[in-house]
Amino acid sequence: MTDSLAQEIRALLKEHNAILLAHNYQRPEIQDIADLTGDSLDLSIRAAKTDAGVIVFCGVRFMAETASVVSPDKTVLMPRMDAGCPMADMITPEALKAKLAELGEMPVVTYVNSTASVKAHSTICCTSANAVAVVNSLAEDEILMTPDRNLCQYVASKSTKKIHCWDGYCPIHDQLTDEEVMKARAAHPEALFMAHPECRPEVLALADAVLSTSGMINFAKHSDKASFIVGTEEGLIHPLQKANPHKSFYGVSESMVCQDMKRTTLDDVLTSLRTMTHVVKVPKEVRVPASMAVERMIGITSR
Ligand code: 13P
Ligand code: SF4
């Protein structure tokens, strides 16, 4: 059944000159059929470089918006429009403007896990991998970082700048406790603990490495250690295991599941390609300033 579904999807992708993108947290069967897998920004940048006219994005809404910002001439489809990100929805452009009015004008560094309209009101974007470099690249000594307070506090611990943190958080990473980490460490004393910077400071304090999802895949590949405790959404264990078949990966806690990331099924991908829905198109007045914030970041990290 899944095989014939996969074949039909691949045939429709070819017919529509489309490319299938899957974030590292997607269901294994979605990742296995995708043309590209990876973290959100990396996927959008790689997809922009292809000749495909259509991008089918299996992830959450802000990721499809980023693809539309980076590839305005391509059609971007999202199989499930109800796949959102609670953290991205913890800030609006209006609330951001109000905060700046209260704090005074200062550069705004916005994590890519945000809506295009919030990016459009930001000075520069950052990812979990380059946030420290982005913040340190700015001439100003006082900045506001949005929307993730945990990533912000992590960056603040590595920078001498005065950093104001927006009070948003990822509900999946933020609920992980240091007790759960210690329990996992006791169960697997030989394993290294890799944590995503969306986790709380007390969890990051216990980590052997603080990394983005792609950073974890790289780290595990190049480490001489054979086992790892994975401090992020459980979907990452699939690409970790695929890239490192002889190593062992243990989820840090059973509660690390993002329901939004799990919404998209193979049936949804098929329907999306049959009906060419749901189109995600960021309007020009948002796309142009959002793209400037993304491009500024790319300029800094490719220096
Ligand atoms: P990455 O950019 O590290 O893949 O993270 C995406 C995400 O949604 C983290 O919760
Ligand atoms: Fe958003 Fe967290 Fe889900 Fe990532 S894991 S999409 S940050 S809710």
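Everything discussed here concerns the structure shown above.
The notes below deal with the structure included here. Bear in mind that the values here come from a model prediction, so they are computed numbers and not experimental data.

### Quick word on the sheet that holds strand β3 (residues 54–58)
Note: strands within a sheet are paired through backbone hydrogen bonds, in either parallel or antiparallel orientation. What the four strands build is an open sheet, ordered β2-β1-β3-β4; its pairing is parallel. Edge positions in the sheet fall to β2 (36–38) and β4 (75–77), since each has one partner strand and no second. Ignoring strand direction, the axes of neighbouring strands in this sheet form an average angle of 20°. Sheet topology places strand β1 (residues 18–23) next to β3; five bridges connect them, and they run parallel. Bridging across to β3, A22 finds its partner in C58. Here helix α4 (residues 61–70) sits on the sheet in contact with β1, β3 and β4, set at roughly 160° to β3.

### A few points about the packing of aromatic side chains
Scanning the entire structure with this criterion turns up two aromatic pairs. With a centroid separation of 6.4 Å and 75° between ring planes, the pair formed by F219 and F228 is classed as edge-to-face. The class for F219 is partly exposed, based on a relative accessible area of 27%. What makes F228 buried here is its relative accessible area of 0%. Considering the side-chain rings of F228 and F249, the 5.4 Å spacing of their centres and the 15° angle between planes classify their relative orientation as stacked. With a gap of 21 residues between them, F228 in strand β11 (residues 227–231) and F249 in strand β12 (residues 248–251) connect regions that are remote in the sequence. In terms of burial, F228 and F249 fall into one category: buried. Every member of this aromatic cluster is reached through a ring pair, and the members are F219, F228 and F249.

### Describing the sheet that holds β12
Spatially, β10-β9-β11-β12 is the arrangement adopted by the four strands of the open sheet, whose pairing is parallel. One side of each edge strand has no neighbouring strand; the edge strands of this open sheet are β10 (209–210) and β12.

### As for the nonpolar core
Counting 72 residues, the largest nonpolar core has V109 and M145 as the members making the most contacts within it. Judged by nonpolar contacts, the second largest core, of 19 residues, contains I9, L13, I33 and C58.

### Observations regarding the state of the cysteines
Counting across every chain of the model gives one disulfide. Note that C152 is cross-linked by a disulfide to C165, the S-S spacing being 2.1 Å. Taking the sign of the S-S torsion, about -80° here, the bridge from C152 to C165 comes out left-handed. A residue pair is termed long-range when its members are at least 10 positions apart, and C152 in helix α8 (residues 149–156) and C165 in strand β8 (residues 162–165) qualify at 13 residues.

### Describing the environment of L192
Locating L192 in the fold gives a position in strand β9 (residues 192–195). Sequence spacing of L192 and T66 is 126 residues, and the spatial spacing of their C-alpha atoms is 33 Å. With sequence-adjacent residues up to four places away left out, L192 is seen in contact with D208, F219, S223, K225, S227, F228 and I229.

### Points about the site of ligand 1
Close contacts around ligand 1 come from H23, Y25, D39, N113, S128, H173, H196, E198, S212 and T213, and that covers them all. Between ligand 1 and S128, the relevant distance is 3.4 Å, taken from an oxygen atom to a side-chain nitrogen or oxygen of the residue. Look at ligand 1: alone it shows 300 Å² of surface, and the protein chains cover 94% of it. Considered class by class, the residues forming the shell around ligand 1 number one nonpolar, seven polar and two charged.

### Structural notes on the packing of helix α1 (residues 2–15) against helix α15 (residues 266–275)
Remark: α1 packs on α15, axes separated minimally by 10 Å, with the N-to-C direction vectors making an angle of 30°. As judged from the angle between their axes, α1 and α15 are roughly parallel. The crossing of α1 and α15 is left-handed. Contact residues: T2, L5, E8, I9, L12 and L13 in α1; L266, D267, V269, L270, L273 and R274 in α15.

Thresholds applied
Residues numbered from 1 in each chain as written. Chains lettered and ligands numbered in written order. Predicted model: local features only at pLDDT ≥ 70, side-chain atom pairs only at ≥ 80, totals over all residues. Heavy atoms only, no water. Pairing = 2+ DSSP bridges. Helix = DSSP H or I, 4+ residues; strand = E, 2+ residues; numbered from the N terminus. Axes fitted to C-alpha atoms, helices over the stretch in contact; angles between N-to-C directions. Contact = heavy atoms within 4.5 Å. Phe/Tyr/Trp six-rings, centres within 6.5 Å; stacked < 30°, edge-to-face > 60°. Buried < 20%, exposed > 50% of the residue type's maximum accessible area, 1.4 Å probe, protein only. Core = buried A, V, L, I, M, F, W, Y, C linked by side-chain atoms within 4.5 Å. Disulfide = S-S within 2.5 Å. Near = heavy atom within 4 Å. Polar contact = N/O pair within 3.5 Å; in protein donor to acceptor, adjacent residues only side chain to side chain. Areas by Shrake-Rupley, 256 points an atom, 1.4 Å probe, with all protein chains shown as cover. Nonpolar A, V, L, I, M, F, W, Y, C, P; charged D, E, K, R; others polar. Parallel < 35°, antiparallel > 145°, perpendicular 65-115°, else oblique. Left-handed = near helix turned anticlockwise from the far one by under 90°.

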